[in-house]
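Working through the structure, step by step
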Amino acid sequence: MKAPEDVLGFWLDKVGPKGWYEQSDELDAEVRDQFQGAWENAREGTYGLWLTYSSGTLGYIILMDQFPRNMFRDHALSFSTDKHALAAAKAAIHRGWDKRIDGPARQFFYLPLMHSENLCDQDRCVRLICERMSDDDGTNLLHARAHREVIRRFGRFPHRNAALGRASSAKEEQFLEAGGYGGIVRELQKADAA
C-alpha cells in the first residue's frame with residue numbers, strides 16, 4: 001500500500017518541475033514500476049481516505065491524473081481515471097485546499113480541469129491559474145489558454161482520438177498535421193508578443 005507521501009515525494013521532490021513535462025521512457029517505466037499497483041487500487045476506491053485532507057488529495061490527483069499519462073502513454077488508459085481526478089480537484093478547490101499547497105505543486109489541482117474536454121472546466125482552469133497561482137514566466141497560463149483554445153475549436157482533444165478509437169474529422173486531421181497543440185501555443189505566443 002502506498003501513502004500520499006510516496007506519490008508527493010516522488011513527483012514533487014525526486015522528479016520535480018524540470019521532469020514533469022518532459023517525455024522520458026525511463027521516467028514512464030519508473031512511474032509504472034512504482035505506482036501502477038497503487039493506481040489500480042485507487043481506481044477501485046482503496047485510497048478514499050486520501051481525499052479527506054489537502055496533501056492527500058494532491059497525492060490522489062497526481063496518482064489519477066498525471067501518472068496514467070506516464071504509465072500508459074498513447075493508450076486509452078492514459079485518460080481512464082481523469083474523471084476521478086477531476087472530481088477530487090473540484091472538491092478540493094471548493095474547500096480551498098489548493099490554497100494550502102505552495103508554489104508549483106498547486107498547479108496539479110488545476111490540471112484535471114485543463115485535461116477536461118469541457119469548455120467550462122477549461123475556463124475555470126484559466127481563471128484559477130490567473131487568480132491563485134504565481135506564474136512568473138507565464139508558462140502555466142499559456143498552456144491553460146492553449147488547452148482551452150483546442151476545446152473551443154474542436155470540443156475535444158484531437159490528439160487523443162487515435163488512443164481512444166475516435167475518428168478524426170477532416171479539420172482535426174488538418175490541425176494535427178499543422179502542428180496540433182504546439183501550433184496553438186505558437187499562435188498564442190505570437191498574439192501575446194504583438
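Below is a short write-up of the structure. The shown structure was predicted, so the numbers you read here are calculated from the model rather than taken from an experiment. (Residues numbered from 1 in each chain as written. Predicted model: local features only at pLDDT ≥ 70, side-chain atom pairs only at ≥ 80, totals over all residues. Heavy atoms only, no water.)

1. Topic: the overall build of the protein chain
Note the threshold: Strands here mean DSSP runs of E at least two residues long; helices mean DSSP runs of H or I at least four residues long; both are numbered from the N terminus. Using C-alpha atoms as the atom set, the radius of gyration is obtained and then compared with a globule rule of 2.2 Å times the number of residues to the power 0.38. Only protein chains enter the accessibility calculation, which uses a 1.4 Å probe; a residue is then buried when its area is under 20% of its type maximum, exposed when over 50%, and partly exposed in between. Whether two residues are in contact is decided by their heavy atoms, any of which lying within 4.5 Å being enough. The charge count treats Lys and Arg as positive and Asp and Glu as negative. His and the chain ends do not count. By convention, the charge on Lys lies at NZ, on Arg at CZ, on Asp at CG and on Glu at CD.
Looking only at helices and strands, the protein chain has ten helices and zero strands in total. Secondary structure elements of the protein chain occur, N-terminal to C-terminal, as α-α-α-α-α-α-α-α-α-α. Compactness check: the protein chain gives a C-alpha radius of gyration of 16 Å against a globular reference of 16 Å for 194 residues, within 12% of the reference. Looking at the 194 residues of the protein chain, the share that counts as buried comes to 46%. In the protein chain, 62% of the contacts between residues at least 6 apart in sequence involve partners at least 24 apart. Of the side chains in the protein chain, 26 bear a positive and 29 a negative charge, and the two mean positions are spaced by 6 Å.

2. Quick word on the pattern of salt bridges
So the rule is basically this: Think of a salt bridge as a Lys or Arg side-chain nitrogen and an Asp or Glu carboxyl oxygen that are within 4 Å of each other.
Summed over all chains, the structure comprises 15 salt bridges. Of the charged contacts in the structure, one is a salt bridge between Glu30 and Lys14, with a shortest N-O distance of 2.3 Å. On the criterion of sequence distance, the pair formed by Glu30 in helix α2 (residues 25–43) and Lys14 in helix α1 (residues 4–20) is long-range, its members being 16 residues apart. The closest approach of N and O atoms between Arg69 and Asp82, which form a salt bridge, is 2.8 Å. Taken as a pair, Arg69 in helix α3 (residues 54–71) and Asp82 in helix α4 (residues 82–95) lie far apart in primary sequence, 13 residues in all.

3. Considerations on α3
Note the threshold: Here a helix's expected span is defined as the number of its residues, less one, multiplied by 1.5 Å. One axis fitted to the seven residues ending at a residue, another fitted to the seven starting there: the angle between these axes is the bend at that residue.
For α3, built from 18 residues, the straight-helix expectation of 26 Å at 1.5 Å per residue is met to within 8% by its first-to-last C-alpha distance of 24 Å. Leu63 marks the point of greatest bend in α3, at about 30°. Counting buried positions over the 18 residues of α3 gives 17, a clear majority of the element.

4. Overview of the packing of α3 against helix α5 (residues 107–114)
As a reminder, the rule being used: Axes, fitted as lines to C-alpha atoms, cover a helix only where it is in contact. Angles between the N-to-C directions of the axes lie from 0 to 180 degrees. For classification purposes, angles smaller than 35 degrees are called roughly parallel, those larger than 145 roughly antiparallel, those between 65 and 115 roughly perpendicular, and all remaining angles oblique. Two helices cross in a left-handed way if the nearer one is turned anticlockwise from the farther one by less than a right angle. They cross in a right-handed way if the turn is clockwise. Under the scheme applied here, ten amino acids are nonpolar (Ala, Val, Leu, Ile, Met, Phe, Trp, Tyr, Cys and Pro), four are charged (Asp, Glu, Lys and Arg), and all others, including Gly, are polar.
The interhelical angle for the contact between α3 and α5, taken along N-to-C directions, is 40°, at an axis separation of 9 Å. In terms of orientation, α3 lies oblique with respect to α5. Taken as a pair, α3 and α5 cross one another with a handedness that is left-handed. For the pair formed by α3 and α5, the contact residues are Ser54, Thr57, Leu58, Ile61, Ile62, Asp65 and Gln66 on the first element and Phe108, Phe109, Leu111 and Pro112 on the second. Split by residue class, the contact of α3 with α5 holds seven nonpolar, three polar and one charged.

5. Brief notes about the packing of aromatic side chains
Applicable threshold: For this analysis, a ring pair means two rings from Phe, Tyr or Trp (six-membered ring only for Trp) whose centres lie within 6.5 Å, classed as stacked if their planes differ by under 30 degrees, edge-to-face if by over 60, and tilted for the remaining angles.
In the structure shown here, the tally under the stated rule is nine aromatic pairs. Aromatic pair Phe10 and Phe35: ring centres 5.2 Å apart, planes at 55°, arrangement tilted. Taken as a pair, Phe10 in helix α1 and Phe35 in helix α2 lie far apart in primary sequence, 25 residues in all. Take Phe10 and Phe35: they sit in the same class, and that class is buried. Their ring planes at 55° and their centres at 4.9 Å tell us that Trp39 and Phe72 sit as a pair that is tilted. Residue Trp39 is located in helix α2, and its partner Phe72 is located in the loop between α3 and α4; the two are separated by 33 residues in the primary sequence.

6. Considering unusual backbone geometry
A positive phi angle is found at Asp74, which is not glycine, with a value near 65°. Positionally, Asp74 belongs in the loop between α3 and α4. Taking the relative accessible area as the measure of exposure, Asp74 reaches 70% and is therefore exposed.

7. Description of the nonpolar core
As a reminder, the rule being used: We define the nonpolar core as a collection of buried residues of types Ala, Val, Leu, Ile, Met, Phe, Trp, Tyr and Cys that are connected through side-chain atoms lying within 4.5 Å of one another.
Counting 44 residues, the largest nonpolar core has Phe10, Trp11, Leu58, Ile62, Leu63, Phe67 and Tyr110 as the members making the most contacts within it. Put simply, the parts of the chain that give this core at least two residues each are α1, α2, α3, α4, α5 and α6 (119–132). In contact with Leu58, not counting residues within four places along its chain, are Leu8, Leu12, Ile101, Ala105, Phe108 and Phe109. Listed in part, the nine residues of the second largest apolar core include Leu142, Ala146, Ile151 and Val185.

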